[in-house]
Amino acid sequence: MSDRLHRLLAERPYLLADGATGTNLFDMGLMTGDAPEMWNIERPDQVESLHRAMIGAGADIILTNSFGGTRYRLKLHKAESRVAEINQAAARLARRVADAEGKRLGRQIVVAGSMGPTGELFEPLGPLTVGAGADAFAEQARALAAGGADVLWVETMSSTDELRAALAGAGTTGLPVVCTVSFDTNGRTMMGVTPVEVAAFCHEVAPKPAAFGGNCGVGPAELVAALVNMADAELPGDVIVAKSNCGVPYFVEGKIRYDGTPELMAAYARLARDAGARIIGGCCGTTPAHLKTIRDALDGYEPQARPTLADIVARLGQVSRGAESQSAGEEPPARRHSRRGRRGEAAT
Ligand SMILES: [Zn+2]
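Residues numbered from 1 in each chain as written. Predicted model: local features only at pLDDT ≥ 70, side-chain atom pairs only at ≥ 80, totals over all residues.

1. A few points about helix H11 (residues 262-274)
Next, step 1: Taking 1.5 Å per residue, 13 residues should reach 18 Å; H11 reaches 19 Å between its end C-alpha atoms and fits that length.
Next, step 2: On the buried face of H11, the contacting elements are helix H10 (220-230), strand E7 (240-244), strand E10 (277-282), helix H12 (288-298) and helix H13 (309-316). (Helix = DSSP H or I, 4+ residues; strand = E, 2+ residues; numbered from the N terminus. Expected span 1.5 Å × (residues − 1). Contact = placed C-beta atoms within 7 Å.)

Okay, structure coming up:
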């Protein structure tokens, strides 16, 4: 493969993905309730400065400010007719900074077009069909590709139906696609999907993701535990992604905050590497300062044996009962994703 992501993966033991987008833009003045994606049009200087700061902290991969850029999410802000404009702008800003900073620093920076959930439930739980979802993701993906994205980055997913729709939509561009899910509910996604099921799904779905793993969620301990639980289902050549929130989310004066220190994120990064991740970054709450400590913790670091859950608890904090019981083999085996059953697969 000759795309930028695969070239870098072939050259380096690991790649550093960036930190948070939304929470950092809130710190720059974005108001609660406003769509971060509108800043690609209204405050491009701020979006560019965040990209620049993440690259300055060592990021090899930056995600575009387009997480909520499907027509379904933009509809909440009466901007559903502006999918192409907003996503192209997001990718152009990231591309411009990646090229300029990459040239200045003498390294290649991958621009990943972020694609988050539609916010809609899929059939039979809700109104959206996989086909309609795929159309919406394709619309977003085409705009991100037109703006210069190297890869499409499907993230914070919960349901395999939506993941299937997003991968199909992203795949229409011909660009590599990365996907990550959020293990935020007792060791599973909100829709009940286990780490083992995610790996099995990613091995069978088309197009096959270039990399997959976990992002966001309820803190680094839980994310690394999910990767450890996923490991049994991995195949040689799988590229695993870890992009954890910066500690555990909590509320102060109605605002969501994250308690992760730079030291915690450094410990998380090494454990994620030990757990097999080759693309590591942060999600909500992760500032450029946190990202810099992750880079420093990983550069020159030789991965150790895969951690046990006890190691994870000792260094990162508690993990859920669900993650523990999966680790102990007390959960039912992964659901089979047969090729024949692909179309009619129940929502998980
Ligand atoms: Zn997040």
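2. A closer look at the pairing of E7
Next, step 1: Within E7, five of the five residues are buried, which leaves the element mostly enclosed by the surrounding structure.
Next, step 2: Side chains of E7 alternate between two faces, with Ile240, Ala242 and Ser244 and Val241 and Lys243 buried alike.
Next, step 3: For strand E6 (residues 211-216) and E7, the ladder comprises five bridges, and the chain directions are parallel. Bridge pairing links Phe212 to Ile240 in E7.
Next, step 4: Taking the sense of rotation as the criterion, the β-α-β connection linking E6, H10 and E7 turns out right-handed.
Next, step 5: Relative to E10, E7 runs parallel, the two being bridged by five bridges. The partner of Lys243 across the bridge, within E10, is Gly281. (Buried ≥ 20, exposed ≤ 12 C-beta atoms within 10 Å, placed from the backbone. Pairing = 2+ DSSP bridges. Right-handed = clockwise from strand over helix to strand, strands pointing away.)

3. Side note on unusual backbone geometry
Next, step 1: Residue Pro124 is bonded to the preceding Glu123 through a cis peptide linkage, with omega at 0°.
Next, step 2: Turning to its location among the elements, Pro124 is positioned in the loop between strand E3 (110-115) and helix H7 (130-146).
Next, step 3: The peptide bond linking Ala206 to Pro207 adopts the cis configuration, its omega dihedral lying at -5°.
Next, step 4: Within the element layout of this structure, Pro207 appears in the loop between helix H9 (195-204) and E6.
Next, step 5: The backbone of Thr156 sits at a positive phi, close to 60°, despite the residue not being glycine.
Next, step 6: By the secondary structure assignment, Thr156 is in strand E4 (residues 151-157).

4. With respect to the environment of Ala57
Next, step 1: Structurally, the position occupied by Ala57 is in the loop between helix H4 (44-56) and strand E2 (61-63).
Next, step 2: Along the backbone, Ala57 and Asp34 are 23 residues apart, and their C-alpha atoms lie at a distance of 27 Å.
Next, step 3: Apart from the residues lying within four places of it in its own chain, the contact partners of Ala57 are Pro288, Leu291, Lys292 and Arg295.

5. Some words on the pairing of E10
Next, step 1: In terms of burial, E10 is largely enclosed, as five of its six residues are buried.
Next, step 2: Pairing between strand E1 (residues 15-16) and E10: two bridges, direction parallel. Bridge assignment links Leu15 to a residue of E10, and that residue is Ile279.

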